[in-house]
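Remarks on the overall topology
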Amino acid sequence: MAKKAQAQAGDLSRLEMSFDKPHLINAVFGEFDRNLVTIENRLGVYISARGNRVQIEGEAGAIGRTRDVLNDIYSRISRGQEMDSEAVQSIIAMTAEPTLEGIVRKDATDAPGIMIRTRKKTLVPRSATQIPYMEALARDDIIFALGPAGTGKTYLAVAQAVAMLITGAVQRLILSRPAVEAGERLGFLPGDMKEKVDPYLRPIYDALYDCLPAEQVERRMASGEIEIAPIAFMRGRTLADAFIILDEAQNTTAAQMKMFLTRFGMNSRMVVCGDPHQVDIPGGERMSGLNDAVQRLEGVDGIQTIRFNSSDVVRHPLVGRIVDAYEGPNA
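All figures in this text were calculated on a predicted structure; none of them were measured in a lab.

**Brief notes about helix α8 (residues 202-211)**
- Every buried residue of α8 is accounted for by I204, Y205, A207, L208 and C211. Down the axis of α8, the buried side of the element spans an arc of 160 degrees, and every buried residue falls inside it.

As structure tokens, this is what we get:
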């Protein structure tokens with residue numbers, strides 16, 4: 001764990017930290033100290049590094065956040081987790097959230113409190129709202145995940161589905177979305193059904209291949225353990241012993257959403273992901289089956305609703321600012 005000493009001069013403060021595992025320092029600082037540069041730019045501090053020691057100068061609040069960020073990066077690397085630029089950006093954002101007390105500031109010897117293990121990676125929360133979302137994925141029967149792109153709604157749902165499949169908690173994964181936003185007119189597209197649908201399901205495929213080796217994805221799809229299909233193909237089925245994900249759910253009608261939700265079977269889990277502000281079907285938000293379902297079902301026992309916002313975007317920080325520009329109070 002990092003050790004620290006603090007001094008104060010005028011309006012600026014200074015804090016010195018040291019790390020007791022020098023062999024991890026290069027990974028903590030990043031190639032060419034890029035992690036330190038990112039922290040300096042985001043938090044408005046100056047960081048001087050020498051050996052396994054760093055000195056931080058700046059306003060007291062910014063220094064405290066910088067300390068938490070460096071400790072969290074160090075803790076995650078000590079546990080063998082990967083640390084890329086997106087992870088660093090997410091950790092910086094998370095230190096602004098008071099609800100993360102005890103999660104961001106863990107000892108390096110502690111295991112993370114919330115995580116999803118798949119064949120290829122272990123996922124931990126990268127934003128404040130991802131914490132209750134990951135808890136809901138492990139606990140609740142039906143979860144509505146609402147919010148802008150880039151918040152991890154679908155990605156984490158696929159990861160939890162893969163984790164439950166490989167442990168035998170469910171027997172199959174069923175991944176669906178409206179294949180063509182305005183009415184699913186697949187007949188006008190070239191190719192067989194798989195070729196018609198695949199372009200619309202690319203984000204789901206990407207998440208699957210991130211969580212499972214490619215050969216396992218192909219084998220499980222061939223055997224029917226993993227099924228990817230447009231929502232229109234759900235009619236008439238009862239989906240038992242399955243983890244079911246509906247992506248881009250804002251582009252369903254109320255009738256489609258009712259049909260989908262009533263497919264829910266025994267020993268199943270269902271996640272409905274969508275951005276209520278990005279409705280592409282005729283009639284806009286007032287015709288969205290997602291908005292209708294949340295209004296009807298929020299608060300029903302066994303159903304959880306998780307709402308993400310621009311501060312939860314785990315892509316480039318600029319994406320969050322773009323979301324604010326389109327959906328904020330001045331939009």
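**Examining the packing of aromatic side chains**
- A full pass over the atoms with the stated rule returns two aromatic pairs.
- With a centroid separation of 4.9 Å and an interplanar angle of 50 degrees, the aromatic rings of F19 and Y74 are classed as tilted. Placement of F19 in the loop between β2 (12-18) and α1 (25-29) and of Y74 in helix α3 (residues 60-78) is noted, with a sequence separation of 55 residues between them.
- A relative accessible area of 1% means that F19 is categorised as buried.
- Looking at Y74, the relative accessible area reads 0%, which means it is buried.

**Let's talk about the confidence of the model for the chain**
- Summing up the model confidence of the chain, the mean pLDDT is 81 and the portion of residues at 70 or higher is 81%.
- The least confident element of the chain is strand β1 (residues 3-9), whose mean pLDDT is 49; the most confident is strand β7 (residues 142-146), at 96.
- Contacts from residues 3-7, a stretch scored under 50 in pLDDT, to residues over four places away or in other chains number 15 contacts.
- The low-confidence segment residues 98-112 (pLDDT under 50) makes 30 contacts with residues lying over four places distant or belonging to another chain.

**Thoughts on the nonpolar core**
- Formed by 38 residues in total, the largest nonpolar core has its most connected members in Y133, L208 and V271.
- If you list the elements that add at least two residues to this core, you get α5 (130-139), β7, α6 (153-166), β8 (172-177), α8, β9 (226-230), β10 (242-246) and β11 (269-274).
- In terms of residues, this core owes the most to one element, α6, which gives nine residues.
- Beyond its immediate sequence surroundings of up to four residues, V271 is in contact with Y133, L137, I143, A157, F243, I244, I245 and L246.
- In this structure, V54, I56, I63 and M83 belong to the second largest nonpolar core, which totals 26 residues.

**What about the packing of helix α2 (residues 34-43) against helix α4 (residues 85-94)?**
- Where α2 contacts α4, the axes come no closer than 10 Å and their chain directions differ by 35 degrees. Handedness of the α2/α4 crossing: right-handed. Mapping the contact onto sequence places N35, T38, I39, R42 and L43 in α2 and V88, Q89, I92 and A93 in α4.

What counts and how
Residues numbered from 1 in each chain as written. Predicted model: local features only at pLDDT ≥ 70, side-chain atom pairs only at ≥ 80, totals over all residues. Heavy atoms only, no water. Buried < 20%, exposed > 50% of the residue type's maximum accessible area, 1.4 Å probe, protein only. Helix = DSSP H or I, 4+ residues; strand = E, 2+ residues; numbered from the N terminus. Arc of directions from axis to C-beta. Phe/Tyr/Trp six-rings, centres within 6.5 Å; stacked < 30°, edge-to-face > 60°. pLDDT = per-residue confidence, 0-100. Contact = heavy atoms within 4.5 Å. Core = buried A, V, L, I, M, F, W, Y, C linked by side-chain atoms within 4.5 Å. Axes fitted to C-alpha atoms, helices over the stretch in contact; angles between N-to-C directions. Left-handed = near helix turned anticlockwise from the far one by under 90°.

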